[in-house]
Amino acid sequence: MHLATYLGLLHTSLGTLAGAFREVADGHGDEPDVRHTCEVLAARIDRQAERLAPVVERYGEHREAEPERLHAAEFEQVRSGGVGLLRDLQDLYALASFTDITWTVVGQAAQGLRDKELVDVVSACEQDTARQLAWLKTRIKQSAPQALIVAKG
């Protein structure tokens, strides 16, 4: 069974995503909504990992390096300025999308196994990840015009 591979991938991606949200919060502290929301979302991701822990204990996990590679490629350091914020939010969106599709894959396995506990965990966490993606998309839309077309004085 390869579920342990995807549980490890999911577990790693959650830690990577939470850390990336915290980095963006710290690096863009001059944007109070970004700082606060990123901190809240990181804490919610921590709770997702806690909910996943009993399932990981039951099925095991095989850790993969992909989310860490994504993180290393995209978050060597937080960028500055409006365009930097926009790019950092876009990178968060890519990481959150990776986590989202990994929840989907694990959810399909949970249905195949008829594992109600795992189905419940996936259902709740997929909804939470969808909210993260929605906030990121909204904040990207808000940031883009200012960052891309407004001339600096």
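Residues numbered from 1 in each chain as written. Predicted model: local features only at pLDDT ≥ 70, side-chain atom pairs only at ≥ 80, totals over all residues. Heavy atoms only, no water.

Turning next to the overall build of the protein. Counting its secondary structure elements, the protein contains five helices and zero strands. For the protein, the succession of helices and strands along the chain, N to C, is α-α-α-α-α. Here the protein holds 153 residues, and 41% of them are scored as buried. Once local pairs closer than 6 in sequence are excluded, the contacts in the protein between residues at least 24 apart make up 82%. Entry remark: accessible area of the protein is about 8,200 Å², with carbon and sulfur atoms responsible for 53%. (Helix = DSSP H or I, 4+ residues; strand = E, 2+ residues; numbered from the N terminus. Buried < 20%, exposed > 50% of the residue type's maximum accessible area, 1.4 Å probe, protein only. Contact = heavy atoms within 4.5 Å. Areas by Shrake-Rupley, 256 points an atom, 1.4 Å probe, with all protein chains shown as cover.)

Time to look at the packing of helix α1 (residues 3-27) against helix α2 (residues 32-59). Pairs of packed helices are described in terms of their axes, by the angle between the two and the distance that separates them. It is the contact of α1 with α2, at a shortest axis distance of 8 Å, that shows an interaxial angle of 160°. The angle between α1 and α2 places the two elements in the roughly antiparallel class. Considering the relative orientation of α1 and α2, their crossing is left-handed. Here the residues of the contact of α1 with α2 are counted per class, giving 21 nonpolar, two polar and five charged. (Axes fitted to C-alpha atoms, helices over the stretch in contact; angles between N-to-C directions. Parallel < 35°, antiparallel > 145°, perpendicular 65-115°, else oblique. Left-handed = near helix turned anticlockwise from the far one by under 90°. Nonpolar A, V, L, I, M, F, W, Y, C, P; charged D, E, K, R; others polar.)

A word on the environment of valine 40. By the secondary structure assignment, valine 40 is in helix α2. Along the primary structure valine 40 and arginine 22 are separated by 18 residues, whereas in three dimensions their C-alpha atoms are 9.2 Å apart.

The next thing to look at is a nonpolar patch on the surface. On the surface, Val83, Leu148, Ile149 and Val150 cluster together into a nonpolar patch covering about 390 Å² of accessible area. On the secondary structure map, isoleucine 149 appears in helix α5 (residues 116-149). Judged by relative accessible area, which is 69%, isoleucine 149 ranks as exposed. (Patch = residues over 30% accessible without salt bridge, like charges linked within 9 Å, V, L, I, M, F, W, Y side chains within 5 Å. Salt bridge = Lys/Arg side-chain N within 4 Å of Asp/Glu carboxyl O.)

Phe21, Cys38, Leu52, Leu92 and Trp103 are the most contacted members of the largest nonpolar core, which totals 34 residues. For this core, the secondary-structure elements that each account for two or more residues are α1, α2, α4 (81-113) and α5. The dominant element in this core, judged by the number of residues it contributes, is α1, at 10 residues. Not counting the four nearest positions on each side in its chain, leucine 52 is found in contact with Leu7, Leu10, His11, Leu14, Trp103 and Val121. (Core = buried A, V, L, I, M, F, W, Y, C linked by side-chain atoms within 4.5 Å.)

What follows is about unusual backbone geometry. The backbone phi angle of arginine 114 is positive, close to 55°, even though this residue is not glycine. Its location among the elements puts arginine 114 in the loop between α4 and α5.

In low-pLDDT segments, the atomic positions of the prediction should not be examined closely. When pLDDT is averaged across the protein, the result is 88; 88% of the residues are at 70 or more. Within the protein, no element has a lower average pLDDT than helix α3 (residues 66-74), which sits at 56, and none a higher one than α2, at 95. (pLDDT = per-residue confidence, 0-100.)

Turning our eyes to something else, we now look at the pattern of salt bridges. Evaluation of the coordinates by the stated rule reveals 10 salt bridges. Note that glutamate 31 is salt-bridged to arginine 139, the shortest N-O span being 3.0 Å. With glutamate 31 in the loop between α1 and α2 and arginine 139 in helix α5, this residue pair connects regions lying 108 residues apart in the sequence. The salt bridge involving arginine 139 is made with aspartate 33; its shortest N-O contact spans 2.6 Å. Here arginine 139, found in helix α5, pairs with aspartate 33, found in helix α2; they are 106 residues apart in sequence, far enough to count as distant. When its relative accessible area of 33% is taken as the criterion, aspartate 33 is described as partly exposed. Because the salt bridges share partners, they merge into one network encompassing Asp26, Arg35 and Glu39.

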